[in-house]
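# A closer look at the structure
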Amino acid sequence: MRSESKKRSRSFQQSKPIEIIESQVLTVAKAVEDKLDEEIAALDRTVDDDDDLEALRERRLRQMKKMAERRSRWISIGHGEYSEIPEKEFFTAVKASDRVVCHFYRENWPCKVMDKHLNILAKQHIETRFLKIHAEKSPFLTEKLKIVVLPTLALIKNTKVDDYVVGFNQLGGTDEFTTEELEERLAKSEVIFFEGESSMIRTKPSATTKRNVRQSENANSSDSD
């Protein structure tokens, strides 16, 4: 009896992630359907010719279905969540997704602050995979990517590290930056994108200097490796 109980428990644990993914896919599909209904209603108000309206409907429907399929695939490979992976899974994850934000961290307050914001953004931007890797347990990667200051975000596009967010210097120099400020920083590197009105509209023009992790930063809100 005890053996059967353990089997049922394992079966439940295995089915739970599948149920979560299915629920997320259904949520996305419902959102796509609602958005499509809104756009068709808007077209009804602006287009008089039935043929033109039908063509627009079909074209937009194809676009929305394609986006829904992409979103379903993203969710199936871990998008929509902020998850920790071991060093050995890094390259597999990077190859599977076009855009990846990878947080190299250690157990300290600055990294926990970054965790809080990334957990929010992972749910808002399922087009991007959000990961975290324990720097001290990943000596090969930290050496290869020249990770010196923690926290460091490696911004990866098409399997290549394209940019870094090192410490908090690019986020106001303190741990009081907002999720929107981090979102705008990631959007500037095009590792995330916006649908509809972009919060980048709120960004004030400023000169930004791309920093490299080879450089050390003297920020009170970050630690050196």
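Residues numbered from 1 in each chain as written. Predicted model: local features only at pLDDT ≥ 70, side-chain atom pairs only at ≥ 80, totals over all residues. Heavy atoms only, no water.

Going by what an unreviewed UniProt entry lists, the protein chain is known as Thioredoxin domain-containing protein and is assigned to Acorus calamus.

## A word on the overall build of the protein chain
Counting its regular elements, the protein chain contains 6 helices and 7 strands. A separation threshold of at least 6 residues defines the contact pool for the protein chain, and within that pool the share at least 24 residues apart is 71%. Of the roughly 13800 Å² that the protein chain leaves accessible, carbon and sulfur atoms contribute 49%. (Helix = DSSP H or I, 4+ residues; strand = E, 2+ residues; numbered from the N terminus. Contact = heavy atoms within 4.5 Å. Areas by Shrake-Rupley, 256 points an atom, 1.4 Å probe, with all protein chains shown as cover.)

## Details of the sheet that holds strand E5 (residues 152-157)
The mixed open sheet is built from 5 strands, whose spatial order is E1-E3-E2-E5-E6. Both outer strands of the open sheet, strand E1 (82-84) and strand E6 (160-166), are each paired with one neighbouring strand and no more. Pairwise comparison of adjacent strand axes, ignoring direction, gives a mean angle of 25° for this sheet. Pairing of strand E2 (residues 99-105) with E5 involves 6 bridges; the strand directions are antiparallel. In the strand pairing of E5, Cys-102 is matched with Ala-154. Across the sheet, helix H4 (residues 109-124) touches E1, E2, strand E3 (129-134) and E5, and the angle it forms with E2 is around 160°. (Pairing = 2+ DSSP bridges. Axes fitted to C-alpha atoms, helices over the stretch in contact; angles between N-to-C directions.)

## Comments concerning the packing of aromatic side chains
Considering all chains together, one arrives at 3 aromatic pairs under this definition. Arranged with centres 5.2 Å apart and planes meeting at 80°, the rings of Phe-90 and Phe-91 form a pair that is edge-to-face. A relative accessible area of 38% means that Phe-91 is categorised as partly exposed. Sitting over the face of the ring of Tyr-105, Lys-132 holds its NZ or CZ atom 4.3 Å from the ring centroid. (Phe/Tyr/Trp six-rings, centres within 6.5 Å; stacked < 30°, edge-to-face > 60°. Buried < 20%, exposed > 50% of the residue type's maximum accessible area, 1.4 Å probe, protein only. Lys NZ or Arg CZ within 6 Å of the ring centre and 35° of its normal.)

## Examining the pairing of E3
When you tally the buried positions in E3, you get 6 out of 6 residues, the bulk of the element. A two-sided burial pattern is seen for E3, the buried positions comprising Arg-129, Leu-131 and Ile-133 on one face and Phe-130, Lys-132 and His-134 on the other. Pairing geometry for E1 and E3, over 3 bridges, is parallel. From the neighbouring strand, Glu-84 faces E3, where its bridge partner is Lys-132. The sheet contact formed by E2 and E3 spans 6 bridges and is parallel. Its bridge partner lying in E3, His-103 is registered against Lys-132. In this fold, the crossover linking E2 to E3 by way of H4 has right-handed handedness. (Right-handed = clockwise from strand over helix to strand, strands pointing away.)

## Considerations on the nonpolar core
Residues Phe-90, Cys-102, Phe-104, Ile-133, Leu-145 and Ile-156 are the most contacted members of the largest nonpolar core, which totals 21 residues. Sorting the residues of this core by element identifies helix H3 (90-96), E2, E3, strand E4 (149-150), E5 and E6 as the ones contributing at least two each. When residues in this core are grouped by element, the largest group, 4 residues, is from E2. Core analysis: the next-biggest nonpolar cluster, separate from the first, contains 19 residues, Leu-121, Ala-122, Phe-130 and Ile-192 among them. (Core = buried A, V, L, I, M, F, W, Y, C linked by side-chain atoms within 4.5 Å.)

## Here's the deal with helix H6 (residues 179-188)
One turn of the α-helix equals 3.6 residues, which is why residues spaced by three or four share an orientation. The buried fraction of H6 is high, at 7 of 10 residues. Those residues of H6 lying buried are Thr-179, Leu-182, Glu-183, Glu-184, Arg-185, Leu-186 and Ala-187. As for H6, its buried residues are in contact with E2, H4, E3, E5 and E6.

## A few points about the packing of H4 against H6
Interaxial distance between H4 and H6 falls to 10 Å at its minimum, and their mutual angle equals 65°. Between H4 and H6, the crossing angle belongs to the class labelled roughly perpendicular. In terms of crossing hand, the pair formed by H4 and H6 is right-handed. Of the residues in H6, those in contact with Met-114, His-117, Leu-118, Ile-120, Leu-121 and Gln-124 of H4 are Thr-179, Leu-182, Glu-183 and Leu-186. (Parallel < 35°, antiparallel > 145°, perpendicular 65-115°, else oblique. Left-handed = near helix turned anticlockwise from the far one by under 90°.)

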